Amino acid sequence: TSVFVSHTLTVSSGNTVTIDPGLNLNLSAPSGTSISASGATINGSGTLVYYNASTAFPATATINSKYQMLPVTGNVSVTAQNFGSDVTCSDGGSGGSCIFNSGTLGIAGNLTAEDSGSGITIDMTANPTVNLTGNLSGIDNGGGTTLSMGSGTWTVSGHFDLSGFSTVNHNS
């Protein structure tokens, strides 16, 4: 089951949105979708899905739900911040990149690139420091899955599995 927000999702400071299991909260416009959640928390075992937007996902919100990026008509920009669960970069059928900005990126879960046939890139060339408590993996279904690691420090507590990436770039 999915809920779609086609403009701005606003969550006031100090408030919490909980995404139930099996539910996707989709910020779904191909451009112009944003979230205003300074000081707010997004919890639950469901998934927050963020389509490409003209603004980076805000670093001032606490995201403890699963987080999926879909660069449908371009790229998704991700502010380096802490995520309390899995982070997935999926191509959504049209390719694109999930571009992580500089700073410190903490993921208390897995980081996965999922290609459904159009290609997807996890782009860390802004050189964030990456702290991943879960696994790094890629799923390549024919379109190509690329990991551009940048030159930041990576700490991965789980498996560092590059077998699902068609291309790996260490940009030091």
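Here's what I pulled together on the structure shown here. (Residues numbered from 1 in each chain as written. Predicted model: local features only at pLDDT ≥ 70, side-chain atom pairs only at ≥ 80, totals over all residues. Heavy atoms only, no water.)

## Quick word on the packing of aromatic side chains
The tally for this structure, following the rule as stated, stands at 2 aromatic pairs. Taken together, a centroid distance of 5.0 Å and an interplanar angle of 10 degrees make the contact between Y67 and F83 stacked. Of this pair, Y67 sits in strand 9 (residues 66-70) while F83 sits in strand 11 (residues 82-83), and the two are 16 residues apart along the sequence. With respect to burial, Y67 and F83 carry one shared label: buried. (Phe/Tyr/Trp six-rings, centres within 6.5 Å; stacked < 30°, edge-to-face > 60°. Helix = DSSP H or I, 4+ residues; strand = E, 2+ residues; numbered from the N terminus. Buried < 20%, exposed > 50% of the residue type's maximum accessible area, 1.4 Å probe, protein only.)

## Some points on the state of the cysteines
Using the criterion set out here, one finds 1 disulfide in the structure. Here C89 pairs with C98 through a disulfide, and the sulfurs are 2.0 Å apart. Residues C89 and C98 are joined through a disulfide that is right-handed, its torsion about the S-S bond being 95 degrees. (Disulfide = S-S within 2.5 Å.)

## Some points on the pairing of strand 4 (residues 24-27)
As defined by bridge partners, strand 1 (residues 2-5) adjoins strand 4 across 4 bridges and the pair is classed as parallel. Within strand 4, the position partnered with S2 by the bridge is N24. (Pairing = 2+ DSSP bridges.)

## Details of the sheet that holds strand 13 (residues 97-100)
Pairing within the open sheet is parallel, and its 5 strands lie in the order 10-13-16-19-21. Sheet topology places strand 10 (76-78) and strand 21 (167-169) at the edges, where each strand pairs with a single neighbour. Direction aside, neighbouring strands of the sheet carry axes that sit 10 degrees apart on average. One ladder, built from 3 bridges, connects strand 10 with strand 13; its direction is parallel. Paired with S77 across the strands is I99, a residue of strand 13. (Axes fitted to C-alpha atoms, helices over the stretch in contact; angles between N-to-C directions.)

## Things to note about the nonpolar core
Proteins that are soluble and globular tend to have nonpolar side chains buried together. Residues M69, F100 and L111 are the most contacted members of the largest nonpolar core, which totals 38 residues. Not counting residues up to four positions away in its chain, the partners in contact with L111 are V87, F100, I122, M124, L132, N135, L136 and S137. (Core = buried A, V, L, I, M, F, W, Y, C linked by side-chain atoms within 4.5 Å. Contact = heavy atoms within 4.5 Å.)

## What to know about the side chain of S85
With respect to the helices and strands, S85 occurs in the loop between strand 11 and strand 12 (87-90). With sequence-adjacent residues up to four places away left out, S85 is seen in contact with N64, S65, K66, I107, A108 and G109.

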